[in-house]
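Architecture at a glance
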Amino acid sequence: MIDETLLEAEEKMDKAIEVAKDDFATIRTGRANAAMFSKIFVDYYGSPTPLQQLASFSTPEARTILISPFDKSSMVGIEKALRESDLGVNPSNDGNVIRVMLPSLTEERRKDFVKLARAKAEDARIAVRNIRRRAKEQLDRIVKDGDAGEDEVARAEKELEHLTKSRVDIIDSVLATKESELLEV
């Protein structure tokens with residue numbers, strides 16, 4: 001019972017870290033990458049469809065992305081979705097591919113992205129702490145129901161604290177990496 005609770009908490013914490021990494025990937029740095037477009041949805045025949053499912057991406061240069069739609073009729077919708085996104089890009093369409101030139105980041109824009117990254121990291125830390133709180137409540141119920149002794153649960157709580165600290169440290173290191181990417185000129 002105790003092991004199941006700890007294992008479940010560990011799995012959920014790892015998922016929270018993966019979500020945080022995905023969120024960090026969507027934050028634009030000075031270089032172009034396809035992950036920036038993972039949260040963009042295109043109105044495709046009346047239904048919102050992820051851009052990643054409608055096109056392939058290539059990066060011929062550091063600040064250029066070529067988007068090749070699988071269906072040429074979706075080009076207008078893709079262009080519109082890119083313009084309306086929070087990426088701050090102006091795509092150009094040559095009939096075959098959509099070219100996205102990423103403008104170089106200003107110092108102010110870099111600082112805004114760092115703030116956004118810190119907010120996403122804090123959201124991930126909160127998620128990990130909420131998982132810890134729920135697991136601790138389950139451990140307290142185990143003691144209250146008499147399914148395990150207090151010593152076993154106390155050891156499990158220490159392990160839970162260690163697990164939480166290690167996951168928060170991982171989030172902090174991923175944040176530090178993202179901040180250094182954002183601030184490099």
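Basis of the calculations
Just so you know, the residues in each chain are numbered from 1, in the order the chain's sequence is written. Local features are withheld for residues below a pLDDT of 70 in this predicted model, meaning they are given only at 70 or higher, and side-chain atom pairs are given and counted only at 80 or more; totals for whole chains, interfaces and linings count all residues. As a rule here, side-chain values cover all heavy atoms of the structure and leave hydrogens and water aside. Here a strand is any run of E in DSSP of at least two residues, a helix any run of H or I of at least four, and the numbering for each starts at the N terminus. Polar contacts, as counted here, are pairs of nitrogen or oxygen atoms within 3.5 Å of one another; within protein the pair requires one atom able to donate a hydrogen and one able to accept it, and residues that are adjacent in sequence qualify only if both atoms are side-chain atoms. Axis lines are fitted through C-alpha atoms, for helices just across the contact stretch, and the angle between N-to-C directions can take any value from 0 to 180 degrees. By definition in this entry, angles of less than 35 degrees are roughly parallel, angles greater than 145 are roughly antiparallel, angles of 65 to 115 are roughly perpendicular, and the rest are oblique. Only heavy atoms matter for contacts: two residues are in contact if any of them lie within 4.5 Å across the pair. Just so you know the grouping, Ala, Val, Leu, Ile, Met, Phe, Trp, Tyr, Cys and Pro go in nonpolar, Asp, Glu, Lys and Arg go in charged, and all remaining residues, Gly too, go in polar. UniProt positions are given in the numbering used here, feature names are shortened, and annotations may be inferred rather than shown by experiment. Only strands that DSSP links by at least two bridges are regarded as paired with each other. Here's how the labels work: a residue is buried when its accessible area is under 20% of the maximum for its type, exposed when over 50%, partly exposed in between, all with a 1.4 Å probe on protein chains only.

Moving on, we get to the environment of Ser-166. Of note, Ser-166 is situated in helix α5 (residues 150-183). Polar side-chain contacts of Ser-166 include one of 2.9 Å to the side chain of Arg-167.

Looking now at the packing of helix α1 (residues 2-26) against helix α4 (residues 107-145). Helix packing geometry: the angle between the two helix axes and the distance between the axes. Their axes nearest at 10 Å, the elements α1 and α4 cross at an angle of 170°. In this view, α1 runs roughly antiparallel relative to α4, as classed from their interaxial angle. In contact with Ile-2, Thr-5, Glu-8, Ala-9, Lys-12, Met-13, Ala-16, Ala-20, Asp-23 and Phe-24 of α1, α4 contributes Ala-117, Lys-120, Ala-121, Ala-124, Ala-127, Val-128, Ile-131, Arg-132, Ala-135, Gln-138, Leu-139 and Ile-142. Class assignment for the residues of the contact of α1 with α4 results in 15 nonpolar, two polar and five charged.

Two elements in contact, α1 and α5, have axes separated by 11 Å at closest approach and are oriented at 10°. One element, α1, and the other, α5, form an angle in the roughly parallel class.

Let us look at the UniProt feature "coiled-coil region" (unreviewed entry) in the protein chain. Within the UniProt annotation, "coiled-coil region" (unreviewed entry) is assigned to residues 114-166. Counting secondary structure, residues 114-166 comes out at 92% helix and 0% strand; the distance between its end C-alpha atoms is 23 Å.

Turning our attention to the sheet that holds strand β6 (residues 98-101). A sheet is described by the order of its strands in space; here four strands give the open sequence β3-β4-β6-β5, paired in antiparallel fashion. The strands lining the two open edges of the sheet, one partner per strand, are β3 (55-61) and β5 (92-93). Direction of pairing for β3 relative to strand β4 (residues 64-69): antiparallel, over a ladder of five bridges. Looking at the pairing, Glu-61 lines up with Thr-64 of β4. Helix α3 (residues 75-84) contacts β3, β4, β5 and β6 of the sheet and is inclined by roughly 15° relative to β6.

What follows covers unusual backbone geometry. Positive phi outside glycine occurs at Tyr-45, with the angle close to 50°. Of note, Tyr-45 is situated in the loop between β1 (41-44) and β2 (47-50). On the accessibility criterion, Tyr-45 (68% relative accessible area) is exposed.

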